[in-house]
Amino acid sequence: NPLFAVHGAAVKQGLGGEPFWLDDAGLRVLFKGLDPNKVILISHNALFDACITAWEYDFVPRMTGDTLGIARAMLGYKLKSLSLGSVAQHLNVGIKGTTIHQVQGMTVADTKANGLWDAYINYAINDVEQCANIWKELVVHRKFPAKELVLMDRIIRCAIQPKLQLKASVLHEHLALVRAKKENLMQRIGFAKEDLMSNDKFAAALTTLGVVPPRKTSLTTGKETWAFAKSDPQFVELEDHPDPEVQALVSARLGVKSTLEEKRTERFIALSQLDYVWSNGKVETRRGLMPIPLRYGGAHTHRLSGEWKLNLQNLPRGGALRKALVAPLGYKVLAVD
């Protein structure tokens with residue numbers, strides 16, 4: 001993002017080291033002077049921090065550890081929030097500060113002008129101390145399995161060291177097709193998009209075609225409401241209504257409301273325009289590499305789930321999106337569950 005800027009970071013070298021603050025220039029000196037083969041990089045939400053250290057500072061350590069993922073695996077069944085503050089408080093290893101809420105949206109100059117710079121630095125130093133304490137408690141004392149740390153590192157590398165090549169031309173073709181299908185549906189039924197997006201207007205449109213709009217009792221409010229969700233059988237049945245106009249109206253509603261395919265394709269196209277540079281022995285620049293962000297222990301069964309509003313585990317079988325990812329590699333697309 002062109003608006004991205006590093007204010008700085010709090011760093012603690014060794015679990016017993018004294019934490020300190022470095023600005024952007026200081027961080028570049030630090031990472032340049034470190035031997036990545038002798039470093040384990042630990043943070044809370046490492047997928048975020050590790051991408052920055054890899055893509056912005058050209059530093060990929062021998063191993064990356066994520067206290068958020070570890071906490072999710074060990075404490076997710078009992079904590080509603082796995083934020084740094086929540087985990088630290090639960091483990092009784094520190095109290096998170098609040099300065100971050102005072103400086104949101106501020107530049108470095110804004111933070112200094114408002115007299116919050118020192119408090120901001122102390123806030124970050126306190127954060128990194130709590131992160132180290134969480135690691136000591138869950139990994140050192142409670143013996144989080146070493147083999148899981150290796151697995152976690154590999155999962156994070158799927159994002160920070162992308163290897164999969166996106167085929168932008170296939171993605172653009174697919175996006176045009178999705179949009180064209182939507183437009184054709186809208187023209188066929190003769191209703192405005194607003195009529196489909198609004199529940200009340202959509203109900204009125206169904207009534208105009210002689211259909212009694214289905215209703216249900218909301219599980220959230222306990223009140224009666226429109227049953228227009230994909231999980232509502234009465235609504236889904238309307239796709240097979242004898243009147244083709246009703247079929248088209250319902251299909252258009254599902255197509256307009258469900259923009260997942262369109263947004264996901266747009267997201268992939270944006271990713272296909274990114275340039276990645278990292279070394280690990282040599283500098284390499286490539287455009288269109290696809291990060292695969294995954295959440296360690298994301299499901300209650302401890303399996304992986306998606307991140308960054310993406311989940312490449314759930315691509316359509318043999319679909320255009322999957323072909324855009326796999327075809328450039330010369331592999332045949334197989335349907336495997």
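Quick caveat: nothing in here was measured; it's all calculated off a predicted structure.

Each helix and strand counted, the protein has 15 helices and 12 strands in total. For the protein, with 337 residues in total, the buried portion stands at 42%. Of the contacts formed within the protein by residues at least 6 apart in sequence, a portion of 58% connects residues at least 24 apart. Working note: accessible area of the protein is about 19,100 Å², and carbon and sulfur atoms make up 54% of it.

Our next topic: the pairing of strand β3 (residues 40-43). By the alternation rule, side chains of β3 split into L41 and S43, which are all buried, and I40 and I42, of which none is buried. Note that β3 and strand β4 (residues 63-66) share 4 bridges and pair parallel. Residue pairing across strands places S43 opposite D66, the latter belonging to β4. A crossover connection joins β3 to the parallel β4 through helix α2 (residues 46-55); in handedness this β-α-β unit is right-handed.

With that out of the way, let us pick up the pattern of salt bridges. Tallied over the full model, the rule gives 11 salt bridges. Here D127 and K96 are joined by a salt bridge, their closest N and O atoms 2.8 Å apart. A residue pair is termed long-range when its members are at least 10 positions apart, and D127 in helix α7 (residues 117-141) and K96 in the loop between α4 (84-91) and α5 (99-103) qualify at 31 residues. Since its relative accessible area comes to 15%, D127 is described here as buried. A salt bridge links R154 to D153; its shortest N-O distance comes to 3.4 Å. You can call R154 exposed: its relative accessible area is 51%. Owing to a relative accessible area of 2%, D153 belongs among the buried residues under this scheme. A cluster of three or more residues bridged by salt bridges with shared partners is formed by D24, R28 and E56.

Attention shifts here to helix α8 (residues 146-160). In a regular helix each residue adds 1.5 Å, so 15 residues correspond to 21 Å; α8 covers 21 Å between its end C-alpha atoms and thus fits that length. Those residues of α8 that sit buried are E148, L149, M152, D153, I155, I156, R157, A159 and I160. On the buried face of α8, the contacting elements are α2, β4, α3 (67-75), α7 and β11 (294-295).

All right, on to the packing of α2 against α8 then. At their nearest, the axes of α2 and α8 sit 9 Å apart, and the two run at 50° to each other. Regarding the angle of α2 to α8, the classification is oblique. With respect to the hand of their crossing, α2 and α8 are arranged in right-handed fashion. Across the interface between the two elements, A46, L47, A50, C51, A54 and W55 of α2 pack against I156, A159 and I160 of α8. Class assignment for the residues of the contact of α2 with α8 results in 9 nonpolar, no polar and no charged.

Procedures and definitions
- Residues numbered from 1 in each chain as written.
- Predicted model: local features only at pLDDT ≥ 70, side-chain atom pairs only at ≥ 80, totals over all residues.
- Heavy atoms only, no water.
- Helix = DSSP H or I, 4+ residues; strand = E, 2+ residues; numbered from the N terminus.
- Buried < 20%, exposed > 50% of the residue type's maximum accessible area, 1.4 Å probe, protein only.
- Contact = heavy atoms within 4.5 Å.
- Areas by Shrake-Rupley, 256 points an atom, 1.4 Å probe, with all protein chains shown as cover.
- Pairing = 2+ DSSP bridges.
- Right-handed = clockwise from strand over helix to strand, strands pointing away.
- Salt bridge = Lys/Arg side-chain N within 4 Å of Asp/Glu carboxyl O.
- Expected span 1.5 Å × (residues − 1).
- Axes fitted to C-alpha atoms, helices over the stretch in contact; angles between N-to-C directions.
- Parallel < 35°, antiparallel > 145°, perpendicular 65-115°, else oblique.
- Left-handed = near helix turned anticlockwise from the far one by under 90°.
- Nonpolar A, V, L, I, M, F, W, Y, C, P; charged D, E, K, R; others polar.

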